[in-house]
Amino acid sequence: PYEEGGHDIPRILEALEVVKSPGIPDTIALIKQLDKKGVSVIDEIEFAARYTSGKIIGITGSNGKTTTTLLTYETLKKGGLKVGLAGNIGKSMAAQLVDIDFDYWVLELSSFQLDRMYKTVIHIAAIINITPDHLDRYNYDFNQYVASKFRIVQNQTEKDHLVVFADDAVIQEHLQTHKNPSKIHGFSLSEPQVSGGWLDKEIVTIKIKGNLKMSIQKLGLQGKHNINNSMAASIISQVLDIGKDVVRESMSDFQNVEHRLENFITTYGVDYINDSKATNVQSTWYALEYMSQPTVWIVGGVDKGNDYSQLTELVKAKVKTIIALGKDVEKIHAAFGDLVEIHDATDMGEAVGCAYQYSEKGDTVLLSPACASFDLFENYEQRGDEFKNVVRSL
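Residues numbered from 1 in each chain as written. Predicted model: local features only at pLDDT ≥ 70, side-chain atom pairs only at ≥ 80, totals over all residues. Heavy atoms only, no water.

Non-glycine residue Tyr140 carries a positive phi angle of around 55°. Take Tyr140: it is sitting in the loop between β6 (124–127) and α7 (142–149). One non-glycine residue, Leu261, lies in positive phi territory at about 45°. Within the secondary structure layout, Leu261 lies in the loop between α10 (244–253) and β12 (262–267). (Helix = DSSP H or I, 4+ residues; strand = E, 2+ residues; numbered from the N terminus.)

Here it is as structure tokens:
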């Protein structure tokens, strides 16, 4: 049975357990009523994990978790493991378990999912980074958001593994003040690790069981953020004894996910890059850092408590014009109005038209909104698809 057009509240309140979509805030009246009554309200992963005999690999972070999850999944599959993919990506774990279980599950886990997970053991956890995001769901308290991310390790033991970005001050501070019994493997863009991975000039070294070395020039995904993603996936793969040649091949062959720094077309000498998946400031920081040509930047959407100040130097160095898209553009003007020319656009067609007008041969037009999409679009995928469609019609 199912309901549509509304809920039978008295019936739901009689439930022994409720599986909540992670997109539903804990602050709505029904969830508050369930919590007050003591009804167990859990995430789908918490429910599904009861019915698998496989090991769970969980990957979270403010940015890069989708790419790292897919990289890990593809590498383990190429290495011959029986592996499933679920969480915040693809088909639900519970739906897959109706038909098949896997020896290993690679799960992308958002903070919203982790908030309603209590007993699930993540045998290999990875925290790619932690930067302010979704603060509107956490009372604009960054510490609450950090604590949410670290729920991924709440049931780990000394038999389990934690992979973390060693250069992330927030992660390192939390690890120093909260003891974790699992084996910790760091990855760094500068510092060698006792166990983990690091970058030295243009060579990545993975040190888990012996040393695995790769040139960053041979990685399928370029940019500093993707070096991090590749190191994290490689560490997980090495922990699970995937062969060095398989890891190298997977890191070399992998292609970027749609809507994440997707360089999809060059027209009239201008590169167009779809980074619609950048729904927070830090993700856009990585995109701007990656730009090597004068950039017309399309930014805007639903602001989630953004602090744009960390983008100031990159905007000065790389951005020639800003196109402010959507209804919530005041903070964009306040942050960058004294640095570059800003033009407002009320829809994607107008935004692309402005970008076309103010770009010239040798430039890049970058859609990297740093905001959620819900003011004008159903989700970031629709936003990215519309951007590509409009550009292709130029």
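Let's pick the thread back up.
Turning our eyes to something else, we now look at the sheet that holds strand β16 (residues 341–345). The strands making up a sheet associate through backbone hydrogen bonding, with each pair oriented either parallel or antiparallel. Reading across from one edge, β12-β13-β17-β14-β15-β16 is the order of the six strands in this open sheet, with mixed pairing throughout. Sheet topology places β12 and β16 at the edges, where each strand pairs with a single neighbour. Averaged over all adjacent pairs, the angle separating strand axes in this sheet is 20°, with direction ignored. Direction of pairing for strand β15 (residues 319–325) relative to β16: parallel, over a ladder of five bridges. Counterpart to Ile323 in the pairing with β16 is His343. On the sheet, helix α14 (residues 348–358) packs against β13 (270–274), β14 (295–299), β15, β16 and β17 (364–367) and is oriented at approximately 165° with respect to β15. (Pairing = 2+ DSSP bridges. Axes fitted to C-alpha atoms, helices over the stretch in contact; angles between N-to-C directions. Contact = heavy atoms within 4.5 Å.)

Before going further, it helps to examine a nonpolar patch on the surface. Together, Tyr268, Tyr356 and Leu394 line one region of the surface with nonpolar side chains, adding up to about 330 Å² of accessible area. Structurally, the position occupied by Tyr356 is in helix α14. (Patch = residues over 30% accessible without salt bridge, like charges linked within 9 Å, V, L, I, M, F, W, Y side chains within 5 Å. Areas by Shrake-Rupley, 256 points an atom, 1.4 Å probe, with all protein chains shown as cover. Salt bridge = Lys/Arg side-chain N within 4 Å of Asp/Glu carboxyl O.)

For the largest pocket, the calculated volume is near 870 Å³. Looking at the largest pocket, it is lined by 35 residues, and the ones nearest its centre are Asn88, His134, Thr279, Phe374 and Tyr380. Those elements that place two or more of their residues in the lining of the largest pocket are α4 (65–78), α6 (111–115), α7 and α15 (380–392). With three residues, α4 is the single largest residue contributor to the lining of the largest pocket. Partitioned by chemical class, the residues of the lining of the largest pocket number nine nonpolar, 16 polar and 10 charged. (1 Å grid on protein atoms, 1.4 Å probe; cavity = no way out; pocket = protein on both sides within 12 Å on 5 of 7 lines; lining within 4 Å. Points joined across faces, edges and corners; volume = space filled by probe spheres on them. Nonpolar A, V, L, I, M, F, W, Y, C, P; charged D, E, K, R; others polar.)

The subject of this paragraph is the sheet that holds strand β5 (residues 104–108). Pairing within the open sheet is mixed, and its nine strands lie in the order β4-β5-β3-β6-β7-β8-β9-β10-β11. The outermost strands of the open sheet, each flanked by one partner alone, are β4 (83–87) and β11 (211–215). If you compare each strand with its neighbour and ignore which way they point, the axes differ by 15° on average. Here strand β3 (residues 55–60) pairs with β6 via four bridges, running parallel.

Attention now goes to the packing of aromatic side chains. Here the structure, examined in full by the defined rule, presents 11 aromatic pairs. Taken together, the ring pairs in this structure connect Phe112, Tyr138, Phe142 and Tyr145 into an aromatic cluster. Here the basic side chain of Arg137 rests over the ring of Phe112, its NZ or CZ set 3.6 Å away from the ring centre. (Phe/Tyr/Trp six-rings, centres within 6.5 Å; stacked < 30°, edge-to-face > 60°. Lys NZ or Arg CZ within 6 Å of the ring centre and 35° of its normal.)

A few words now on empty space enclosed by the protein. A complete count under the given rule lists one cavity of 30 Å³ or more for this structure. Approximately 70 Å³ is the volume found for the largest cavity. Lining the largest cavity, in full, are Asn63, Gly64, Thr67, Ile128, Asn129, His225, Asn226, Asn228, Asn229, Arg260 and Tyr286. In terms of residue count, the dominant contributor to the lining of the largest cavity is helix α9 (residues 224–239) (four residues). Tallied by class, residues from the lining of the largest cavity come to two nonpolar, eight polar and one charged.

Right, let's talk about the pairing of strand β7 (residues 161–165) for a bit. Most of β7 sits inside the fold, with five of its five residues counted as buried. The alternating pattern of β7 places His161, Val163 and Phe165 and Leu162 and Val164 on opposite faces, both of which are buried. The sheet contact formed by β6 and β7 spans four bridges and is parallel. Bridge pairing in β7 places Ile124 opposite His161. (Buried < 20%, exposed > 50% of the residue type's maximum accessible area, 1.4 Å probe, protein only.)

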